[in-house]
Amino acid sequence: MSHAKFLTRCLQLANYAKGRTSPNPMVGAVIVYNGKIIGEGYHHKAGDPHAEVMAIESVKDPSLLVSSTLYCSLEPCAHYGKTPPCSLLITDKQIPKVVIGCSDTHELVNGQGVKHLQSHGVEVLFSSDPIPFRKLNQVFFCNKERNRPFVTIKWAQSFDGYIDRIRKINENASLISSPLAAIKSHQIRSEVDGILISAKTLNWDRPSLSTRNYNGTNPRPIILVNNTLPDSSALDHLSVPPVFIGNVSELEGDKIICDPYTIEKWLPELLNYGIHHVLVEGGGQVIQSFVDSGLVDQWHRFTSINSINEGVTAPKFDAPLTMNTLGTDRYERG
Ligand code: AOF
Ligand code: ZN
């Protein structure tokens, strides 16, 4: 019997709620009797029942549960949060076997779910490959295990390695990547909770930081203030009110007052603003300082076919070469 097949179905189910479960993980569960799926469920959003509950409730003939196997993409929880513990429901229903994609490293679960199941005589197996299950909830695991938001960096560079030409303030930024890359980059924006740029980039580029080329929610702008203060007219262009970071006591609005250069000190505080995943968009120095601090979890790079001969150098980033194309650009990610 193939555990992999049913665990893959759990991943598929979990993904139905992509982008809607934060701060909770995406989780899918299936119940199998005699090699056939008799129940399925997934966690729809924080506060709603967990995947295991949805799967158990979907079974038409509950008398089969005592002879079934429950597959779930994440270790069943063991704590009373917004909902009661799934591991307790599993033992109450006398389900004899559970197959798990990966452990839940939430401090209140972290092996306690498995312990409860095993101490009640449930046979517990783990997937031989936890990676796809860890990857599914990489933001959640980063938040729980590193106590900070997951960090993605993204930039477009010319063929000869520049992210911008040399320009005067109020001259429009050069469009380096192709229109398809613009759609892709707004999709990337739609998957994060916050976009971080420096006040200098804000003043120069006057971005809206919206997802207008893609159907998605606009993330919260995060403005890193070091020497330059943000212009109020540039702030007016933003589609959502920002959070300021730095020595910013005089600025109105949400703010984290700190030394902006010690990223690891203020980054965790973004979690208090519901920012679990942050996209660092620029400028180049800000991206580089995240790279240098070892705080990059994921990256996207668009490389154009055009050279611009001089300009602002792209972040130096040691990434393996892959060759994907998007429109006329090379698109690499990792
Ligand atoms: C599961 N199955 O489908 C999910 C789990 O506040 P609560 O009660 O919703 O608990 C949230 C925590 O439960 C979350 O941080 C994570 O550790 C776990 N999520 N567990 O057994 C699920 N979504
Ligand atoms: Zn649960």
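Scroll up a little and you will see the structure.
First, a word on what this report is: a plain description of the structure on this page. These figures come from a predicted structure and were not determined experimentally.

Criteria and cut-off values
- Residues numbered from 1 in each chain as written.
- Chains lettered and ligands numbered in written order.
- Predicted model: local features only at pLDDT ≥ 70, side-chain atom pairs only at ≥ 80, totals over all residues.
- Heavy atoms only, no water.
- Buried < 20%, exposed > 50% of the residue type's maximum accessible area, 1.4 Å probe, protein only.
- Helix = DSSP H or I, 4+ residues; strand = E, 2+ residues; numbered from the N terminus.
- Pairing = 2+ DSSP bridges.
- Right-handed = clockwise from strand over helix to strand, strands pointing away.
- Donors = N, O, S within 2.8 Å, 3.2 Å for Na, K, Ca; no water.
- Tetrahedral: all angles 85-135°; square planar, octahedral: opposite > 155°, others 65-115°.
- Core = buried A, V, L, I, M, F, W, Y, C linked by side-chain atoms within 4.5 Å.
- Contact = heavy atoms within 4.5 Å.

So, on to the pairing of strand S9 (residues 220-225). The element S9 is extensively covered by neighbouring structure, given that five of its six residues are classed as buried. Bridge analysis of strand S8 (residues 194-198) against S9 gives five bridges, and the strand direction is parallel. By the bridge assignment for S9, Leu 196 is matched with Ile 222. Regarding the hand of the β-α-β motif, the stretch spanning S8, helix H8 (residues 199-205) and S9 is right-handed. In the sheet, S9 pairs with strand S10 (residues 243-246) via four bridges, with the strands oriented parallel. Paired with Ile 222 across the strands is Val 243, a residue of S10.

The next subject is the coordination of the zinc ion (ligand 2). Protein coordination of the zinc ion (ligand 2) is provided by His 50 (ND1), Cys 77 (SG) and Cys 86 (SG), with donor distances spanning 1.9 to 2.2 Å. Here the zinc ion (ligand 2) binds four donor atoms, and the angle range of 97 to 120° at the metal identifies the geometry as tetrahedral. Look at where the donors of the zinc ion (ligand 2) fall in the sequence and you get H-x26-C-x8-C. Of this pair, His 50 sits in the loop between strand S2 (36-42) and helix H2 (51-57) while Cys 86 sits in helix H3 (residues 86-92); the two residues are 36 residues apart in sequence, bridging distant segments of the chain. The pair formed by His 50 and Cys 86 is uniform in burial state, with each residue classed as buried.

Turning our attention to the nonpolar core. In this structure, Val 30, Ile 31, Ile 56, Leu 70, Tyr 71, Ile 90 and Val 98 are the most contacted members of the largest nonpolar core, which totals 37 residues. Examining the composition of this core, we find that six residues originate from one element, helix H1 (residues 3-15), more than from any other. Here Ile 90 is in contact with Glu 52, Ile 56, Leu 70, Pro 76, Ile 95, Val 98 and Leu 117, once residues within four sequence places are set aside. Residues Ile 222, Trp 266, Val 280 and Ala 319 belong to the second largest nonpolar core, which totals 26 residues.

Of note, the bond from Ser 22 into Pro 23 is cis; its omega dihedral lies within 30 degrees of zero at 5°. With omega at 0°, the peptide bond leading from Gly 282 into Gly 283 counts as cis. Note that Gly 283 resides in the loop between strand S12 (277-282) and helix H11 (284-292). Backbone geometry at Asn 110 places phi at a positive 40°, although glycine is not the residue there. Relative to the helices and strands, Asn 110 resides in the loop between strand S4 (97-102) and helix H4 (112-119). For Asn 110, a relative accessible area of 47% puts it in the partly exposed group.

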